[in-house]
Amino acid sequence: MLGGGLALLPWDGGGPPAVEPGARALAAVTSGVPAALPDLAALVEERERHLRTHPRDAHAWAVLGSARVEQGLRLADPAYWSRAEKALRTSLKVRPKGNAPALRGLAVLANARRDFAEARAWGEQARKLEPKRWTTYPPLIEAAAGLGDDEETAKLLERLTELRDGPAVMARAAAVYRDRGWREDAAAKLADAAAAAGEPAERAAYLERAGQLAWERGDREDALRHFQEAVRIDPDQRAAQAGQGRALASLGRMTEALSAYRVALAKQPRPEYALELGELYESLGLRQAAGVQYGLLRERVRLAAAHGADEELVLGRFEADHGDARAAVRRLRAEWKRQPSTAVADALGWALHRAGRSKEALPFAVRATEGTRGGGVRSALYVFHRGMIEREVERYGAARRHLREALRINPYFSPLRVPRAKAALARLGEPSVQAGPESS
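The structure contained in this document is the topic of the report that follows. Here the structure is a predicted model, which is why all the values come from computation and not from measurement.

## Regarding the overall build of the protein
- Tallying secondary structure elements over the protein gives 24 helices and 0 strands in all.
- The C-alpha atoms of the protein give a radius of gyration of 23 Å, which matches the 22 Å a tight globule of 440 residues would have.
- Sorting the 440 residues of the protein into buried and exposed places 53% on the buried side.
- A separation threshold of at least 6 residues defines the contact pool for the protein, and within that pool the share at least 24 residues apart is 55%.
- For the protein, the exposed surface amounts to about 20100 Å²; the carbon and sulfur share of it is 51%.

Pasting the structure below:
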């Protein structure tokens, strides 16, 4: 509709008419693609001004709510999500029937809050109304992945690709391929998505994801190039800024790495960035500085909870390694019951191990790393966790294989855990010929 309206506007033939920031953000938000922060702010201002004189405009309320969800994601500020929910529910109140835009917006909001069951419920309501609208499917795919439903994820992606082909669909397919362990396919899709992206913010988002893929396979120089290009194109791309910190630390450029993390946290204070920076400080022997970051993590988790968001996964990971492992087990068990994804399986298994319950932990570690059981992600961290758990239960051959595999996948995956993996391997030594197949 926006494109058609712009095409009908008169112009002097000297070039295409300039698109206003609010219009750019509207096109992005209604298409489910990343938008620039200044454009989002302009769109929000326009919708708010419009709604002051047209409070019964259900579509405007839905657009306002969806824009605020995106602002909350880009700024890591859950306060935007409370306002987004109010706008989206107002849209439904004004137009309770046939309001697919508001339902889609609520699905995206629930995903942002990590409430994947609710996201699926809202998304399915939207699909009943508009089963052939492609924008209905990305939030459903994200919800299915968050719930650990790999079969449903595959079906939804197949339907999405039947309905639409374009950068946003390529990027969504890449995320699914990555979760299946198809890294090369995921990288190819992201390269195509970045090349075809229409706006700088969209292209930067896909470059950041490509950088993350490169990092996960241990290609730190390629990862750094992608992250740097993403930030050059969109200075508000803070995920790429944190990615730079990750890659620079692995290259030994610690001053630059610390600076990159600080910049990312200043503008997008996500708890996982605080955890990464805290662990980097800890690896450098700066425990007081690490403690400051761990305090920030707790503060951000509390703020998220106050606005209906679920950060139990990152808090459970933190508690398992740096706090109360038994509390981590309780948190992550509840999370597993709600949404049994691969990430939760890994975190719960590790928390159980850290709490001294390694035999109970092992099935979760296997679940997180065996492709036949949903753990298709080739994560060095997950495989490290499995190796350390196997070592504790005296499965030394399996432990040796998995610790070596973790270091092959990404030799730089963690400033704290890589030395531990190497030390554990050294203590395990080489297998004995007389010890039997399990030792090798």
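## Quick word on the pattern of salt bridges
- For the structure on display, the rule yields 39 salt bridges.
- When the shortest N-O distance is used, the salt bridge between Glu85 and Arg113 registers 3.0 Å. On the criterion of sequence distance, the pair formed by Glu85 in helix H5 (residues 79-94) and Arg113 in the loop between helix H6 (100-112) and helix H7 (116-129) is long-range, its members being 28 residues apart.
- Exposure remark for Arg113: the relative accessible area of 10% places this residue in the buried category.

## What about the packing of helix H22 (residues 380-392) against helix H24 (residues 417-428)?
- Following both chains from N to C, one finds H22 and H24 inclined at 35 degrees, their axes separated by 11 Å at the closest point. The hand of the H22/H24 crossing is left-handed. For the pair H22 and H24, contact is made by Leu381, Phe384, His385, Met388 and Arg391 and by Arg417, Arg420, Ala421, Ala424, Arg427 and Leu428, respectively.
- Partitioned by chemical class, the residues of the contact of H22 with H24 number 6 nonpolar, 1 polar and 4 charged.

## What to know about helix H21 (residues 358-369)
- For H21, which comprises 12 residues, the first-to-last C-alpha distance of 16 Å matches the rise-based estimate of 16 Å (1.5 Å per residue) to within 8%.
- Across the 12 residues of H21, 9 count as buried, placing the element largely inside the fold.
- Residues Ser358, Ala361, Leu362, Phe364, Ala365, Val366, Arg367, Ala368 and Thr369 constitute the buried set of H21.

## What about the packing of aromatic side chains?
- Counting across every chain of the model gives 5 aromatic pairs.
- Here the aromatic rings of Trp336 and Phe364 are separated by 5.4 Å at their centres, their planes lie at 85 degrees, and the arrangement is edge-to-face. Here Trp336, found in helix H19 (residues 325-338), pairs with Phe364, found in helix H21; they are 28 residues apart in sequence, far enough to count as distant.
- On the basis of relative accessible area, Trp336 is assigned to the partly exposed category, the value being 22%.
- For Phe364, a relative accessible area of 15% puts it in the buried group.
- Their ring planes at 45 degrees and their centres at 5.9 Å tell us that Trp350 and Phe384 sit as a pair that is tilted. Remark: Phe384 occurs in helix H22 and Trp350 occurs in helix H20 (residues 342-354); sequence separation between them is 34 residues.
- Look at Trp350 and you get buried, because its relative accessible area is 6%.
- Ring pairs connect the aromatic residues Trp350, Phe384 and Phe413, which therefore count as one cluster.
- The ring of Tyr80 carries the charged tip of Arg83 above its face, separated from the ring centre by 4.6 Å.

## Details of the side chain of Arg246
- Here Arg246 lies in helix H14 (residues 238-250).
- Given the relative accessible area of 14%, Arg246 is considered buried.
- Those residues in contact with Arg246 that sit more than four places away from it in its chain are Gln212, Trp215, Phe227, Tyr261 and Glu276.

## Digging into the packing of helix H10 (residues 167-180) against helix H12 (residues 200-216)
- Running from N to C, H10 and H12 point in directions that differ by 20 degrees, and their axes come no closer than 11 Å. If you check the angle between H10 and H12, you find them roughly parallel. The two elements H10 and H12 cross, and the hand of that crossing is left-handed. In contact with Pro167, Ala168, Ala171 and Arg178 of H10, H12 contributes Glu202, Tyr206, Arg209, Leu213 and Glu216.

## Points about unusual backbone geometry
- One non-glycine residue with positive phi stands out, namely Ala76, at about 55 degrees.
- Positionally, Ala76 belongs in the loop between helix H4 (58-75) and H5.
- We classify Ala76 as buried; its relative accessible area is 10%.
- One non-glycine residue with positive phi stands out, namely Glu394, at about 70 degrees.
- Note on Glu394: relative accessible area 56%, which makes it exposed.

## A closer look at the environment of Ala84
- Locating Ala84 in the fold gives a position in helix H5.
- Overall, Ala84 belongs to the buried group, its relative accessible area being 0%.
- Ignoring anything within four residues of it in the chain, the contact list for Ala84 reads Gly65, Arg68 and Val69.

Scoring rules and cut-offs
Residues numbered from 1 in each chain as written. Predicted model: local features only at pLDDT ≥ 70, side-chain atom pairs only at ≥ 80, totals over all residues. Heavy atoms only, no water. Helix = DSSP H or I, 4+ residues; strand = E, 2+ residues; numbered from the N terminus. Rg over C-alpha atoms; globule rule 2.2 N^0.38 Å. Buried < 20%, exposed > 50% of the residue type's maximum accessible area, 1.4 Å probe, protein only. Contact = heavy atoms within 4.5 Å. Areas by Shrake-Rupley, 256 points an atom, 1.4 Å probe, with all protein chains shown as cover. Salt bridge = Lys/Arg side-chain N within 4 Å of Asp/Glu carboxyl O. Axes fitted to C-alpha atoms, helices over the stretch in contact; angles between N-to-C directions. Left-handed = near helix turned anticlockwise from the far one by under 90°. Nonpolar A, V, L, I, M, F, W, Y, C, P; charged D, E, K, R; others polar. Expected span 1.5 Å × (residues − 1). Phe/Tyr/Trp six-rings, centres within 6.5 Å; stacked < 30°, edge-to-face > 60°. Lys NZ or Arg CZ within 6 Å of the ring centre and 35° of its normal. Parallel < 35°, antiparallel > 145°, perpendicular 65-115°, else oblique.

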